[in-house]
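Results of the structural survey
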Amino acid sequence: RKDEIELVERGLYVESWLPERRSRRKPLLFVHGELAGSWVWETWLHHFAGRGFEGHALNLRNHFWSQTAEPATLSFESFTDDVAGVMERLGPNVVVVGHGMGGLLALKALEQRPAAAVVLVSPELPAPLRPPALPHEMREVPDTYGKERIGWATLIEKIVRDERDLSVDEVRRIQHLLGQKARESGRARRQVMAGIPIDPGTALAIPRLVIGGGFDRVVSEEDVERLAEWLDAEYEPFAAASHYGLLLSGSGAPQVAEVVRGFLEAHRL
């Protein structure tokens, strides 16, 4: 059944899906990446609720159903506070699952709040693993930006050729939803490009799984594997999966979710 959590003081809306019967399993907190929202986790929310897990998909400030804010005032730190605030609400037994920038936010939020485990799906790399961006690359990022900057404002046919695991209908839906909040925080993006310092010790204390996609044009599978090695984490590559296909492909996303469920079962989460 569907539910919701609102953190009114933070302007945050969390989309929740709960199993029909109460379960002793750890709650799951899903954290999206840039320009996205709780909608990217729809398949996963259904998948896990049907298997006895409660899932909570956060919408960061100024994303999807959360409170509108001026993008130029937002930063990686403010987004991290959003994640940490929901972790506090859900309690120390939460399993944090992050995608893209959401994976990096999950790692940073672990420095503020305890968790039972962390799962990183095609995450952005932290400072120790990425060379800082060149000055001209930083200048090219405006204070606010939309889906054109990540290559999703072009013809659907081109996107389908690039994102080979997504159908035309899936691409059309993603393209539409990426436009619901047309402006992302350029400051947060520049901070990620410059390098976010992460203390790996907080993650090393809990079970951790890292997942990469062979068709990913945002974070390469090779880079994701390097992160898994840095964290001494379990690593699962999906050679035929794209960045959004890992979450939203009708044919592939359930398989990725099942790998995560296997990880949770193995660690008795």
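Quick caveat: nothing in here was measured; it's all calculated off a predicted structure. (Residues numbered from 1 in each chain as written. Predicted model: local features only at pLDDT ≥ 70, side-chain atom pairs only at ≥ 80, totals over all residues. Heavy atoms only, no water.)

**Description of helix α6 (residues 168-178)**
Stated formally: Only protein chains enter the calculation, and the probe is 1.4 Å; a residue is then buried if its accessible area is under 20% of its type maximum, exposed if over 50%, and partly exposed in between. Comment: elements are numbered from the N terminus, with helices defined as DSSP H or I runs of at least four residues and strands as E runs of at least two. What makes two residues a contact is simply this: any of their non-hydrogen atoms within 4.5 Å.
Among all positions of α6, only Val171, Ile174, Gln175, Leu177 and Leu178 are buried. In the core, the buried residues of α6 are packed alongside α5 (156-162) and α10 (245-248).

**Some details on the environment of isoleucine 5**
Mapped onto the fold, isoleucine 5 is located in strand β1 (residues 2-7). Residue isoleucine 5 is classed as buried on the basis of its relative accessible area, which comes to 11%. Put simply, isoleucine 5 and valine 86 are 81 residues apart on the chain and 9.1 Å apart in space, counted from C-alpha to C-alpha.

**Observations regarding the packing of aromatic side chains**
Our working definition: Pairing of aromatic rings covers Phe, Tyr and Trp, the last counted by its six-membered ring, and requires centre-to-centre distances within 6.5 Å; plane angles under 30 degrees mean stacked, over 60 mean edge-to-face, and any other angle means tilted. Lysine and arginine charges are scored as sitting over a ring when NZ or CZ, respectively, is within 6 Å of the ring centre and within 35 degrees of the ring normal.
Under the criterion given, the structure shown has nine aromatic pairs. With centroids separated by 6.2 Å and ring planes inclined at 40°, the aromatic side chains of phenylalanine 30 and phenylalanine 48 adopt a geometry described as tilted. In this pair, phenylalanine 30 sits in strand β3 (residues 28-31) while phenylalanine 48 sits in helix α1 (residues 42-49), placing the two residues 18 residues apart along the sequence. Accessibility expressed as a relative area gives 1% for phenylalanine 30, which makes it buried. With a relative accessible area of 1%, phenylalanine 48 lands in the buried category. Among the aromatic residues, those joined into a ring-pair cluster are Phe30, Trp41, Trp44, Phe48 and Phe53. Taking NZ or CZ as reference, arginine 164 lies 3.9 Å from the ring centre of phenylalanine 215, over its face.

**Things to note about the pairing of strand β4 (residues 55-59)**
Quick note on the threshold: Here a strand pair is declared whenever DSSP counts at least two bridges between the two strands. With the strands aimed away from the viewer, a crossover counts as right-handed if its path from the first strand over the helix to the second runs clockwise.
Burial within β4 is extensive, with five of its five residues counted as buried. Because side chains alternate across β4, one face comprises the buried residues Gly55, Ala57 and Asn59, and the other comprises His56 and Leu58, equally buried. The pairing of strand β2 (residues 12-17) with β4 spans five bridges and is antiparallel. If you follow tyrosine 13 over to β4, its bridge partner there is asparagine 59. For the handedness criterion, the β-α-β arrangement of β3, α1 and β4 is classed as right-handed.

**Some words on the side chain of aspartate 165**
Put simply, the rule reads: Asp and Glu count as negative and Lys and Arg as positive, but His and the ends of the chain are not part of the count. Only one rule defines a salt bridge in this text: a Lys or Arg side-chain nitrogen within 4 Å of an Asp or Glu carboxyl oxygen.
Here aspartate 165 shows up in the loop between α5 and α6. Among buried Asp, Glu, Lys and Arg side chains, aspartate 165 stands out as unpaired, with arginine 164 the closest opposite charge at 7.5 Å. Not counting residues within four places of it along the chain, the set of residues in contact with aspartate 165 comprises Glu170, Phe215, Ala240, Ala241, Ser242, Gly245, Leu246, Ser249 and Ser251.

Read these as spatial facts, not as claims about activity.
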